[in-house]
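Secondary and tertiary structure notes
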Amino acid sequence: MNQTTPTQPVNRLYKSRIFAMLYSDRKDLLDLYNAVSGKHYEDPELLEINTLENAIYMSMHNDLSFLIDSRLSLYEHQSTYSPNLPLRYLFYISDLYSGMTKDENLYGTKCIQIPTPQFVIFYNGSQEQPDRKILRLSDAYCVKEEHPALELTAVMLNINRGHNEKLKGMCKSLKDYSEYTARVREYAQVKPVEEAVEQAISECIQEGIMAEFLKQNRAEAKQVSIYEYDEEKHMRQEREASWEEGREVGREEGKFEGKIELLRMQIQKKLVKGKSVSEISEELEEEEDVIAQMIREMGEERAADKHLPQNFPLSLPDDDPVYTLKKVMEELEYTSKRKNTNLL
């Protein structure tokens, strides 16, 4: 009886992104820490990795958290810039400190020592960013203060080609990671992403770029790279679609506001000539109630601002029917346009 060996399926429920996978190796992680901090540690066993396993604000791990010499370092990779990273770091560090001190007497008189934190973001997105950028939690505060009671600062380092080359020169794995992701993005511009990733992997192995990592994790690295690129592409398309929608709404609102302003100018000219509301309504082909309301509004504006033109009458007989502002705007389809704008 013939037996066939089942093919081992590729696990698609990956927990980590390429960055976190690469630096799960303690030696590479220590090299990265030394390059960023300027230290010269040699023993990878000094590292105590304490990355949160089930952070509710992450779908896949792109972060690293570890202790060395009483310093708590939180490293995160991002291909999309977000000003909310300090707030996310606050949640993360709170969970870590809570776990570290769960058996301590937080109500006692003895000061409980906690490791000094350091927050670093490794950025390699397509949006242009400087080599180094400081992100602050206080930037999100509604009320700005010179010395906020709670502050958290994170350093964002651009690791794309042409950025922070000195730093990458001190850490081969970081330089290799930067080159690999750049090739995936470059090749995916001209061919399907699956082929782009396969070409990048093959070239990098041949050229000694992340070679051992890619040899040992080829199948998983390929699938995760495809996922990362598709996700980045999707987010970029979502932003572009949102921008285009905003521009279109702006153009439509501009046209509408222009029509209103033109109508006001026409009304002013006809009032100067002594035209009545009914005559203006007939000549401009607008409802008398709309014309009457706009005249009253212009009169209120003139009374409130002495700089507005004073050379034409804006009074109406007391018996002229006048709608409320809301009703007039509904007649002009103003409300529906405003609703569309508020959805942005």
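Right, let's walk through the structure included here. (Residues numbered from 1 in each chain as written. Predicted model: local features only at pLDDT ≥ 70, side-chain atom pairs only at ≥ 80, totals over all residues. Heavy atoms only, no water.)

Some details on the overall build of the protein
Using the following cut-off: Numbering of helices and strands runs from the N terminus, with a helix taken as a DSSP run of H or I at least four residues long and a strand as a DSSP run of E at least two residues long. Contacts: residue pairs with any heavy atoms within 4.5 Å of one another. In this description, accessible areas are obtained by the Shrake-Rupley approach with a 1.4 Å probe, and a residue is regarded as covered only by the protein chains that are shown.
What the protein contains, in helices and strands, is 12 helices and 6 strands. Of all intrachain contacts in the protein linking residues separated by at least 6 positions in sequence, the fraction that spans at least 24 positions is 60%. In the form shown here, the protein has an accessible surface area of approximately 21,400 Å², with 50% of it arising from carbon and sulfur atoms.

A few points about the sheet that holds strand β5 (residues 132–136)
The cut-off we apply is this: Only strands that DSSP links by at least two bridges are regarded as paired with each other. Axis definition: a line fitted to C-alpha atoms, limited for helices to the stretch in contact. Angles are taken between N-to-C directions and run from 0 to 180 degrees.
With mixed pairing, the 6 strands of this open sheet are ordered in space as β1-β2-β3-β4-β6-β5. Two strands lie at the open edges of the sheet, namely β1 (48–49) and β5, each paired on one side alone. In the sheet, strand β3 (residues 71–78) pairs with strand β4 (residues 116–123) via 8 bridges, with the strands oriented parallel. Within the sheet, the bridge partner assigned to His 77 lies in β4 and is Phe 122. In the packing of helix α2 (residues 26–37) onto the sheet, the strands contacted are β1, β2 (63–68), β3 and β4, and the crossing angle to β3 comes to about 100 degrees. In this fold helix α3 (residues 85–100) packs onto β2, β3, β4, β5 and β6 (153–158), with an angle of close to 140 degrees to the strand it touches most, β3.

Topic: helix α9 (residues 277–284)
Cut-off, in case you're wondering: The buried label goes to any residue with under 20% of its type's maximum accessible area, the exposed label to any with over 50%, and the partly exposed label to all in between, with areas taken from a 1.4 Å probe on protein chains only. In this context, the arc is that of the directions from the helix axis out to the C-beta atoms.
Taken together, the buried positions of α9 are Val 277, Ile 280, Ser 281 and Leu 284. Mapping the buried residues of α9 onto a view down its axis gives an arc of 100 degrees, with all of them on the same face. Where α9 ends, the next residue or the one after it, Glu 285, has phi of about 60 degrees, a positive value.

A few points about the pairing of β6
The buried count for β6 comes to 5 of 6 residues, which makes it a mostly enclosed element. Of the strand pairs in this sheet, β4 and β6 are connected by 4 bridges, and their pairing is parallel. Among the inter-strand pairings, Val 120 is bridged to a residue of β6, identified as Val 155. Where β5 lies against β6, 5 bridges are found, and the strand directions are antiparallel. Considered in β6, the bridge of Arg 136 is made with Thr 153.

Here we look at the packing of helix α5 (residues 172–187) against helix α6 (residues 193–207)
Note the following rule: Each crossing is labelled by how the near helix is turned from the far one, with a counterclockwise turn of less than a right angle marking it left-handed and a clockwise turn marking it right-handed. Nonpolar residues are Ala, Val, Leu, Ile, Met, Phe, Trp, Tyr, Cys and Pro. Charged residues are Asp, Glu, Lys and Arg, and all others, Gly as well, are polar.
Viewed as axis vectors pointing N to C, α5 and α6 meet at an angle of 145 degrees, and their least axial separation amounts to 8 Å. Where α5 crosses over α6, the handedness of that crossing is right-handed. Contact with α5, carried on its side by Tyr 180, Arg 183, Val 184 and Tyr 187, involves Ala 196, Val 197, Gln 199, Ala 200, Ile 201, Glu 203, Cys 204 and Glu 207 of α6 and no other residues of that element. Among the residues making up the contact of α5 with α6, the classes are represented as 8 nonpolar, 1 polar and 3 charged.

Looking at unusual backbone geometry
Note: most residues except glycine have negative phi, and most peptide bonds are trans. The phi dihedral of Asp 69 is positive, around 55 degrees, even though this residue is not glycine. Residue position: Asp 69 is located in the loop between β2 and β3. One non-glycine residue, Met 210, lies in the positive phi region at around 55 degrees. Mapped onto the elements, Met 210 comes out in the loop between α6 and α7 (211–216).

Topic: the pattern of salt bridges
Quick reminder of the rule: Only one rule defines a salt bridge in this text: a Lys or Arg side-chain nitrogen within 4 Å of an Asp or Glu carboxyl oxygen.
Under the counting rule described, the total for this entry stands at 17 salt bridges. In this structure, Glu 76 and Arg 88 form a salt bridge, with 2.8 Å as the shortest nitrogen-oxygen distance. Of the two residues, Glu 76 sits in strand β3 while Arg 88 sits in helix α3, which places them 12 residues apart along the sequence. Glu 76 sits in the buried class, given a relative accessible area of 4%.

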